[in-house]
Amino acid sequence: HVGVHLPCHVRRMLREMGFPGYRCDWGKAPGRPDVAFVGRKLAIEIRGCFWHRCPTCSLSVPKKNLDYWEAKFARNVERDEQNLAALEEAGWKVLVLWEHQLKKKELPATRRLLYEFVRREDDPDYDEAFLQKRWSEYAIQIQIYQIVI
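Residues numbered from 1 in each chain as written. Predicted model: local features only at pLDDT ≥ 70, side-chain atom pairs only at ≥ 80, totals over all residues. Heavy atoms only, no water.

Asks: What is the right way to look at the packing of aromatic side chains in this model?
Replies: Any pair of aromatic rings gets described here by the distance separating the centres and the angle formed by the planes. This structure, assessed with the given rule, holds eleven aromatic pairs. Between W51 and W69, the ring centres sit 5.7 Å apart and the planes meet at 40°, which makes this aromatic pair tilted. On the criterion of sequence distance, the pair formed by W51 in the loop between β3 (42–47) and α2 (66–89) and W69 in helix α2 is long-range, its members being 18 residues apart. Classification of W69 as buried rests on a relative accessible area of 19%. One aromatic cluster in this structure is built from F50, W51, Y68, W69 and F73. A cation over a ring is seen here: R40 above F37, with NZ or CZ 5.9 Å from the ring centre. A cation over an aromatic ring shows up here: R53 above the ring of F50, its NZ or CZ 5.4 Å from the ring centre. (Phe/Tyr/Trp six-rings, centres within 6.5 Å; stacked < 30°, edge-to-face > 60°. Helix = DSSP H or I, 4+ residues; strand = E, 2+ residues; numbered from the N terminus. Buried < 20%, exposed > 50% of the residue type's maximum accessible area, 1.4 Å probe, protein only. Lys NZ or Arg CZ within 6 Å of the ring centre and 35° of its normal.)

Asks: Would you mind going over the pairing of strand β4 (residues 93–98) with me for this structure?
Replies: Within a regular strand, the side chains alternate between the two sheet faces. Inspection of the sheet shows β3 paired to β4 by six bridges, in the parallel sense. The residue of β4 that forms the bridge with A43 is V94. For the handedness criterion, the β-α-β arrangement of β3, α2 and β4 is classed as right-handed. (Pairing = 2+ DSSP bridges. Right-handed = clockwise from strand over helix to strand, strands pointing away.)

Asks: Which parts of the structure should I look at to understand the pairing of β3?
Replies: When you tally the buried positions in β3, you get six out of six residues, the bulk of the element. Burial along β3 is two-sided: the face carrying L42, I44 and I46 and the face carrying A43, E45 and R47 are both buried. Both strand β2 (residues 35–37) and β3 contribute to a ladder of three bridges, which runs antiparallel. Across the sheet, A36 pairs through a bridge with A43, a residue of β3. Following β2, the chain reverses through four residues before pairing antiparallel with β3; K41 in that reversal takes a positive phi of roughly 55°.

Asks: Would you explain the packing of helix α1 (residues 5–16) against helix α3 (residues 107–118) in this entry?
Replies: Axes are the key here: two packed helices are described by the angle between their axes and the distance separating the axes. Interaxial distance between α1 and α3 falls to 11 Å at its minimum, and their mutual angle equals 65°. Considering how the two elements wind past one another, α1 and α3 form a crossing that is right-handed. In this structure, α1 uses H9, V10, M13, L14 and E16 to contact α3, whose residues at the interface are L107, T110, R111, L114 and V118. Each residue belonging to the contact of α1 with α3 can be placed in one class, and the counts come to six nonpolar, two polar and two charged. (Axes fitted to C-alpha atoms, helices over the stretch in contact; angles between N-to-C directions. Left-handed = near helix turned anticlockwise from the far one by under 90°. Contact = heavy atoms within 4.5 Å. Nonpolar A, V, L, I, M, F, W, Y, C, P; charged D, E, K, R; others polar.)

Asks: Please clarify how the sheet that holds strand β1 (residues 23–24) should be interpreted in this entry.
Replies: Working definition: the strands of a sheet are paired by backbone hydrogen bonds and lie parallel or antiparallel to each other. Read from one edge to the other, the open sheet built from four strands follows the order β1-β2-β3-β4, with strand pairing classed as mixed. Among the strands making up the open sheet, the edge pair consists of β1 and β4. Sheet contacts for α1: β1, β2, β3 and β4; angle to β3, the most-contacted strand, approximately 140°. Each of β2, β3 and β4 is contacted by α3, which is oriented at about 170° to β4, the strand it contacts most.

Written out as structure tokens, the structure reads:
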């Protein structure tokens, strides 16, 4: 798990995309996922790149007290793997989001990934749901501009 900021950001994106109804840190699911859609058994884990040893970021280990840090990180990674396995064994579908995926330049791809993970079968795909909406808003702005001129 990570601090409050990153899960709040993910929850805000879910609400903006029309997906309320989740539980936060739901204790009845293995590992207390950061976000859980209980009825649909969807879990979202949000992991800090440093503490959970992101495979993409390749972050360094503190040089002082190296044995402590290596053991600490190994325990974190092992716990993450156990929680993921327990969730999947219990029939949950799990999306793991990393801290770097919530940085500004990654947000469009992360938003799409999140939407596709959470959407129901009868929900439109991402492009249909959001890109068409943007074009229609753009067309309305053009019409308003033409009226003003």
